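# Summary of the model geometry
Below are the chains, spelled out letter by letter.
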Amino acid sequence: MREMRKGRWRVRPATTEDDLSAAQRLRWLCFLGPRHAGDGAEPAAEAAPRDADAHDALCTHVLIEDGRSGQLVACFRLMDLSSGAEIERSYSAQHYDLGGLRDFPAPMVELGRFCVHPAHSDPDILRAAWAALADHVAATGAELLFGCSSFLGTDTARHRDAFAMLRDRHVAPRRWLPRVKAPEVFRFARLIGRPDPRRAMAAMPPLLRTYLMMGGWVSDHAVMDRQLGTMHVFTGVEIKAIPPARARALRALAG
């Protein structure tokens, strides 16, 4: 993973323990912080809580910083797999039965823990992230990008239209389809009724929306993550299946 600049934003790999700690603090703020709103003043950085797990040691961590102030505004982590034979190493395999992907013959990259600081909404942050992802995919020869795409909250009715659209248009091919493994899931493939397209797209998480524009597909169920207060769907993008115009745009971003 090489360092790059995209306008105001600097994208680089984490290289020190301090870098990793900063990413873990931002993850806590984005994923768990809303549950602790009102607890009091924000603690000093060295005492701030962190979101961390065993997969952190196995991944490359990517930081997106404000090139002017140096503030960390977004981060994510990447795990490289040589083929589907290594799929059980992934974070996603904790939550989904990914037996169908064991036969995937080429390199894969898992994208995880993607988050953007709640005080920043510049769409160029997401573009900078995709530039780094496109560059990494090209450098590693990966043919599948995958991960878990999260919806805020665990109220299925709030996201009903989005889930109905996923059911109708974006469920994975049968040969790759993840099976149920987690103890609590929402089987949105069983929903009845048609989605309202405008409400569906408005409710779709930005990262997932981008996956879908590239021809991505999802599991037929969402996993309830009570710890983080989210629902997530397994998401995959086969690199060779990305529409040519989108592929050109990604290459231009990376360049």
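Above this text is the structure in question.
So, here is what we can say about the structure in this document.

Analysis parameters
Residues numbered from 1 in each chain as written. Predicted model: local features only at pLDDT ≥ 70, side-chain atom pairs only at ≥ 80, totals over all residues. Heavy atoms only, no water. Helix = DSSP H or I, 4+ residues; strand = E, 2+ residues; numbered from the N terminus. Polar contact = N/O pair within 3.5 Å; in protein donor to acceptor, adjacent residues only side chain to side chain. Contact = heavy atoms within 4.5 Å. Buried < 20%, exposed > 50% of the residue type's maximum accessible area, 1.4 Å probe, protein only. Pairing = 2+ DSSP bridges. Right-handed = clockwise from strand over helix to strand, strands pointing away.

Structurally, Asp56 can be placed in the loop between α1 (17-31) and β3 (60-66). A polar contact is formed between the side chain of Asp56 and the side chain of Gln24, at a distance of 3.0 Å. Apart from the residues lying within four places of it in its own chain, the contact partners of Asp56 are Gln24, Arg27, Asp51, His61 and Arg77.

We now examine the pairing of strand β4 (residues 72-81). β4 sits mainly inside the fold: nine of its 10 residues count as buried. Pairing between β3 and β4: six bridges, direction antiparallel. By the bridge assignment for β4, Leu63 is matched with Cys75. Connecting β3 to the antiparallel partner β4 that follows it, the hairpin turn spans five residues, and Gly70 within it adopts a positive phi of roughly 85°.

A word on the pairing of strand β6 (residues 108-116). Along β6, eight of the nine residues are buried, which leaves the element largely enclosed by surrounding structure. For β6 and strand β7 (residues 144-152), the ladder comprises four bridges, and the chain directions are parallel. Each bridged residue has a counterpart across the sheet, and for Met108 the counterpart in β7 is Leu144. Crossover handedness for the path β6 to helix α2 (residues 123-140) to β7: right-handed.

Moving on, we come to the environment of Arg160. Turning to its location among the elements, Arg160 is positioned in helix α3 (residues 160-169). Remark: the alpha-carbon pair of Arg160 and Leu29, spanning 131 residues in sequence, is separated by 27 Å. Contact partners of Arg160, with chain neighbours within four places excluded, come to Leu191 and Ile192.

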